[in-house]
Amino acid sequence: MIDPDDEFAPPHSRFRRVRKLAFWSLGLFVAIAFVLLLGRWQTGRLGQRQLAVVTDRLDATDPGWRLDAILNEWEKDAPPQDENTAPRVLEIADAVPDEWKKWLASKEATPWEQISDNRLPPHDAIASARSHAAATSRVRAQARGLCGARGGRFSVALHPDPLGTILRHTNQCWTVASLLRYDAHQSALEKDPNRGISSARAALAVARAIGDEPSLGAQLFRVWCMSTAAQTAMQVLAWGEPNEGLEDLQTELLAAADVPYLRIGLRAYRGTVDALFRGLADGTIPPEHWFWIKFANVSEAGPEHVAAFRAYRALLPGDHAKALEILTAYYEAAKRPPHEQLAALSAVPPPVGPPDEFRHLITWLVVPPYARSTRTEAQRYVSAPPSLSEVAGAALQARANLLCAATGVACERFRLAHRRWPGALTDLVPAFLPAVPLNPFDGTPLNYRLFADRAAVYCFWQDAPTKAECPEEFRRGATPGLGIGYRLWNPDTRGLPAKEQ
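Now for a quick tour of the structure. (Residues numbered from 1 in each chain as written. Predicted model: local features only at pLDDT ≥ 70, side-chain atom pairs only at ≥ 80, totals over all residues. Heavy atoms only, no water.)

### A word on empty space enclosed by the protein
Reasoning step 1: Under the definition given, this model contains two cavities of 30 Å³ or more.
Reasoning step 2: A volume near 80 Å³ is recorded for the largest cavity.
Reasoning step 3: Every residue lining the largest cavity is listed: Trp103, Leu104, Ala109, Trp112, Glu113, Ser178, Arg181, Tyr182, His185 and Gln186.
Reasoning step 4: Elements supplying a minimum of two residues to the lining of the largest cavity: helix H4 (98–104) and helix H7 (168–189).
Reasoning step 5: Here the lining of the largest cavity gets five residues from one element, more than from any other, and that element is H7.
Reasoning step 6: Classifying every residue of the lining of the largest cavity gives five nonpolar, three polar and two charged.
Reasoning step 7: Around the second largest cavity, the lining residues are Leu216, Gln219, Leu220, Val223, Tyr261, Leu262, Val391 and Ala395.
Reasoning step 8: For the lining of the second largest cavity, the secondary-structure elements that each account for two or more residues are helix H9 (216–239), helix H11 (261–282) and helix H17 (388–418). (1 Å grid on protein atoms, 1.4 Å probe; cavity = no way out; pocket = protein on both sides within 12 Å on 5 of 7 lines; lining within 4 Å. Points joined across faces, edges and corners; volume = space filled by probe spheres on them. Helix = DSSP H or I, 4+ residues; strand = E, 2+ residues; numbered from the N terminus. Nonpolar A, V, L, I, M, F, W, Y, C, P; charged D, E, K, R; others polar.)

Here's what the structure looks like:
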């Protein structure tokens, strides 16, 4: 009798053995494929149910939350064409000389980035700045003409992939705000501080031209322009003694402080991420295009990237639901009182991605974490801000800047009326200030201190992550944190010469 396993067995015996092996291998492959397809199908169904629950809840609690509805509402609120300052801002930005832009980016412009310092920059810095005065005179006058303008509306062409929309006008707004800061400084040096106050108010108008534009990036630029305007006004007060436009400036600063920049930006960003997922799901955003920009990091996407996306498509609904859940939690946290926002934001569970979780890959890529990633390999977060804590911190710092500046202007108005500084901020209420503003970081009233040659209005951010320099009088002893505020100088100590090196 012949052993079928014998190596000298007839060929037909060896063929039967190979056929059995192939049959069982094929069966195992089919079984694995079936399990995978069943799991993929079941995961897709579960994701669809999760997405339906999340979107139904949003439709009930926040009608008009989708991006197209937000954009439609934004367009409806557009100012009349004759009141729209946005085209004027773009014209002014285009007219700014390139040589001045180069100067602004150079080290020679660094001494001009002071905050409420009563001493002038060094003589060589003043000479360097004045060398551009004649070339920018005309465009600066045009920019000052924005003073008091109420708002604007820029034209935004939405990219098919909404996260890929480029907001070129925001950089132009920053250019004009910087030009107005330069003009205000020059005005103070020329002993015309009233003109400097007009320049600061014009910078506020540039930020108002951005308005409630539904974009997190646009709101960040709006914050930066507002803060620049506040710092500019207080620098004019540190170098001169304006007596016109102060009440209007104070009113505009207080109004700017009350704008919920973070909330506007997060609501728009949630709608943008929703539009991204829907575009990927219905094919209006080609997967090879999106992966090339956001994830593949290759010069040209190949068929393997498209295949990978098709394999992932069943996970899209659950991924979509997770992104909306996290962004909605962020948005709800941004609706809390300012001093409660950071704690509420940090309590939101962050997006989790590879290698721990593959089901929410796109959420991990596009939803900002509250804090920076602690993993050794940095997360490839595709949106502009590196972490939500920095975005939220910037918005709260802007509010602190604006409130301290508005309160400082109220103190200056009190001094002009009474020839002395107020003994306490409560002395300003109600004639010069509706109420004493609250510190956006802890909810306590703003701090106020009197010195022989100055007064100081400030607030303190305990345990702030920012390690910026600030005057000693803004600190709380050895407590770690950041002091934000302004010094108001006695008239005889304003605009003193620079200290000798």
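### So, the state of the cysteines
Simply put, the disulfide is a covalent bond whose two ends are the sulfur atoms of two cysteines.
Reasoning step 1: What the rule picks out here adds up to zero disulfides.
Reasoning step 2: Among the cysteines around cysteine 173, which has no disulfide bond, cysteine 225 carries the closest sulfur, lying 5.8 Å off.
Reasoning step 3: Free cysteine cysteine 404: the closest other cysteine sulfur is in cysteine 459, separated by 4.3 Å. (Disulfide = S-S within 2.5 Å.)

### Notes on the nonpolar core
Reasoning step 1: Counting 125 residues, the largest nonpolar core has Val176, Leu253, Leu262 and Tyr330 as the members making the most contacts within it.
Reasoning step 2: Looking at which element gives the most residues to this core, the answer is H17, with 17 residues.
Reasoning step 3: When residues no more than four places from it in sequence are discounted, the contact partners of valine 176 are Val89, Ile92, Ala93, Ala143, Leu146 and Val206.
Reasoning step 4: Among the nonpolar cores identified, the runner-up in size contains six residues, and Leu51, Trp65, Ala321 and Leu324 belong to it. (Core = buried A, V, L, I, M, F, W, Y, C linked by side-chain atoms within 4.5 Å. Buried < 20%, exposed > 50% of the residue type's maximum accessible area, 1.4 Å probe, protein only. Contact = heavy atoms within 4.5 Å.)

### Concerning the side chain of arginine 181
Reasoning step 1: Along the chain, the position of arginine 181 falls in helix H7.
Reasoning step 2: With residues up to four places along the chain from it excluded, the contact list for arginine 181 reads Leu104, Glu113, Thr228 and Thr232.

### Describing the packing of aromatic side chains
For any pair of aromatic rings, the description consists of the separation of the ring centres together with the inter-plane angle of the planes.
Reasoning step 1: Applying the stated criterion to the full structure yields eight aromatic pairs.
Reasoning step 2: Centre to centre, the rings of tryptophan 100 and tryptophan 103 are 6.4 Å apart; their planes meet at 40 degrees, and the pair counts as tilted. Taken together, the positions of tryptophan 100 and tryptophan 103, both in helix H4 and three residues apart, correspond to about one turn of that helix. Tryptophan 103 matches tryptophan 100 in its accessibility class, with the two residues each being buried.
Reasoning step 3: Between the aromatic rings of tryptophan 103 and tyrosine 182, the centroid separation amounts to 5.4 Å while the plane-to-plane angle is 70 degrees, which identifies the pairing as edge-to-face. With tryptophan 103 in helix H4 and tyrosine 182 in helix H7, the pair connects residues that are 79 residues apart, well separated along the chain.
Reasoning step 4: A relative accessible area of 5% places tryptophan 103 in the buried class.
Reasoning step 5: When the ring centre of tyrosine 331 is taken as origin, the NZ or CZ atom of arginine 270, which lies over that ring, is 4.9 Å away.
Reasoning step 6: In this structure, arginine 454 packs its charged tip against the face of phenylalanine 451, placed 4.2 Å from the ring centre. (Phe/Tyr/Trp six-rings, centres within 6.5 Å; stacked < 30°, edge-to-face > 60°. Lys NZ or Arg CZ within 6 Å of the ring centre and 35° of its normal.)

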